[in-house]
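Coordinates in review
Here is how the chains run, residue by residue.
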Amino acid sequence: MNTLDLKGMYKEELENLFLSIDENKFRTKQVFKFIHNEKQNDINNITVFSKNLRSKLNEFTTIRNIDIVEVLSSKIDKTKKFIIRLYDNNIIEAVYMESKTNNTICISTQVGCRMSCDFCASTKSGFKRNLSASEMLSEVYEVEKHMGKRIDNIVLMGIGEPFDNFDNVIRFIKLINDPDGHNTGIRNITLSTCGIVDGIRKLADTGLQVNLAISLHNAIQSERENIMPIAKANKLTDLKSALEYYQEKLNRRISYEYVILKDENDSYDHARAVKSMCAGLDAHVNLIPLNKIEEYNKKPVDDKDIERFKEKLDDLGINSTIRRKQGVDIEAACGQLRNKYELFTR
Ligand code: SF4
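To keep things clear, this report deals only with the structure shown in the data block. Small disclaimer: the values here were computed from a predicted structure and weren't measured.

Lining the immediate surroundings of the ligand are C113, M115, S116, C117, C120, S122, T123, G158, G160 and C194. Residue classes in the shell around the ligand are distributed as five nonpolar, five polar and no charged.

The structure is reproduced here in structure tokens:
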């Protein structure tokens, strides 16, 4: 039975595997290059291995892959949305974005999400399972192959809460950063969390210098709990001290993501609350227009509403940027297309 997935294994683990079947450990570099540089998935195509070794590996290992089942291209920018089927028929999404200087992918880390943020499509059909490191790697490799372009930046901001799948996410980051593999710069990787306090502290302890983004969306405790139930167990005061710990350890700037909800989180009081979350930290605020989802009927937000909140933050001396919407015509809010695809293919 094929059980061990070679794609998600560290080099030390591959070395041990080859030693356990009386093979030289230099096989490790060959298979690592085959999977992570050549992005291949069939053990039978590792031509530097003897036929005997390939069939031995086929007995108890595999190189798991994913299937791109649909690609939607934006007509207004270069954003593409990939609908991806996993080996067990679960569906996830990845979004590819291109600018003049770099190519970025936003990947999913779970099938569904259990965090229940009010405004998010990913949570609406519930949580199914965690993605393995191998599946996250495949999102990057298969989209790269499809595009014929190298991906420079990786954002863990698609479906799922990365800290709810901590070990697999850390494994993915270490593997994609490996100089013998894809070699994505550690500072070209951004991890986005809804504010899981333990996860932030654990990330700080790994020493990995990834970028950290916090989905804040409201810095008044009682109001944040209404739109993000996870805030009840992860209070803003605890979040702030976890972020202080993170900066003490890693000395990295953090960014707060803030979706503007008209008349709900855009007053001066809200701006002052954001200021208190920034005090004493090296922090930046990204203001995001809400991607409309069917299940969440809110007042429409226009550019002027966002600019008005930015002015309030400016007045209080808070650094902020208005994030440009990408892929609006292909429903780029995470989870939207997966939900529809599942509905149509059920
Ligand atoms: S915003 Fe992120 S954490 Fe919240 S439900 Fe959506 S995917 Fe999960």
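Listing the buried residues of helix α5 (residues 166-176) in full gives F166, V169, I170, F172, I173, L175 and I176. Along its buried surface, α5 packs onto α2 (27-36), α4 (133-147), β9 (153-156), β10 (189-193) and α6 (197-206).

Counting across every chain of the model gives three aromatic pairs. Seen from their ring centres, Y258 and F309 are 5.1 Å apart, and the 10° between their planes marks the pair as stacked. Placement of Y258 in strand β12 (residues 254-260) and of F309 in helix α10 (residues 303-315) is noted, with a sequence separation of 51 residues between them. Taking the relative accessible area as the measure of exposure, F309 reaches 0% and is therefore buried. Between the NZ or CZ atom of R64 and the centre of the ring of Y87, over which it lies, the distance is 3.9 Å. Taking NZ or CZ as reference, R201 lies 5.0 Å from the ring centre of Y245, over its face.

What follows is about the pairing of strand β4 (residues 80-85). In terms of strand pairing, strand β3 (residues 67-73) meets β4 through six bridges, oriented antiparallel. Bridge assignment links I68 to a residue of β4, and that residue is I84. The hairpin turn running from β3 into β4, its antiparallel successor, is six residues long. Once β4 ends, the chain turns through five residues before running back antiparallel as strand β5 (residues 91-98), passing N89 with a positive phi of about 75°.

This structure, assessed with the given rule, holds zero disulfides. With no disulfide of its own, C194 lies 5.1 Å from the sulfur of C117, the closest cysteine sulfur.

As a further point, take helix α9 (residues 268-278). All buried positions along α9 are accounted for by H270, A271, A273, V274, M277 and C278. Buried residues along α9 cover an arc of 160° about the axis, so they all sit on one side. Where α9 begins, the capping side chain belongs to S267, and its oxygen is found 3.2 Å from the backbone nitrogen of D269. Looking at the residues trailing α9, positive phi occurs at G280, about 80°.

Once that is clear, we can look at unusual backbone geometry. Phi angles above zero are rare outside glycine, and N89 is one such case at about 75°. Tracing the sequence through the fold places N89 in the loop between β4 and β5. Owing to a relative accessible area of 52%, N89 belongs among the exposed residues under this scheme. One non-glycine residue, N183, lies in the positive phi region at around 60°. Tracing the backbone shows N183 in the loop between α5 and β10.

According to the stated counting rule, one finds 23 salt bridges in the structure shown. Between K310 and D314 there is a salt bridge; the shortest N-O distance is 3.3 Å. Of this pair, K310 and D314 both sit in helix α10, four residues apart, which is roughly one turn of the helix. Accessibility expressed as a relative area gives 40% for D314, which makes it partly exposed. Salt bridges sharing common partners tie together K11, K29, D178 and D180.

With that settled, the discussion passes to the sheet that holds strand β13 (residues 283-289). Pairing is mixed in the open sheet, where ten strands are placed in the order β3-β4-β5-β6-β9-β10-β11-β12-β13-β14. Looking along the sheet, the strands with just one partner apiece sit at the ends: β3 and β14 (320-322). Ignoring which end each strand starts from, the neighbouring axes of this sheet average 20° apart. The sheet contact formed by β9 and β10 spans three bridges and is parallel. Within β10, the position partnered with L156 by the bridge is L191.

Cut-offs and rules
Residues numbered from 1 in each chain as written. Predicted model: local features only at pLDDT ≥ 70, side-chain atom pairs only at ≥ 80, totals over all residues. Heavy atoms only, no water. Near = heavy atom within 4 Å. Nonpolar A, V, L, I, M, F, W, Y, C, P; charged D, E, K, R; others polar. Buried < 20%, exposed > 50% of the residue type's maximum accessible area, 1.4 Å probe, protein only. Helix = DSSP H or I, 4+ residues; strand = E, 2+ residues; numbered from the N terminus. Contact = heavy atoms within 4.5 Å. Phe/Tyr/Trp six-rings, centres within 6.5 Å; stacked < 30°, edge-to-face > 60°. Lys NZ or Arg CZ within 6 Å of the ring centre and 35° of its normal. Pairing = 2+ DSSP bridges. Disulfide = S-S within 2.5 Å. Arc of directions from axis to C-beta. Polar contact = N/O pair within 3.5 Å; in protein donor to acceptor, adjacent residues only side chain to side chain. Salt bridge = Lys/Arg side-chain N within 4 Å of Asp/Glu carboxyl O. Axes fitted to C-alpha atoms, helices over the stretch in contact; angles between N-to-C directions.

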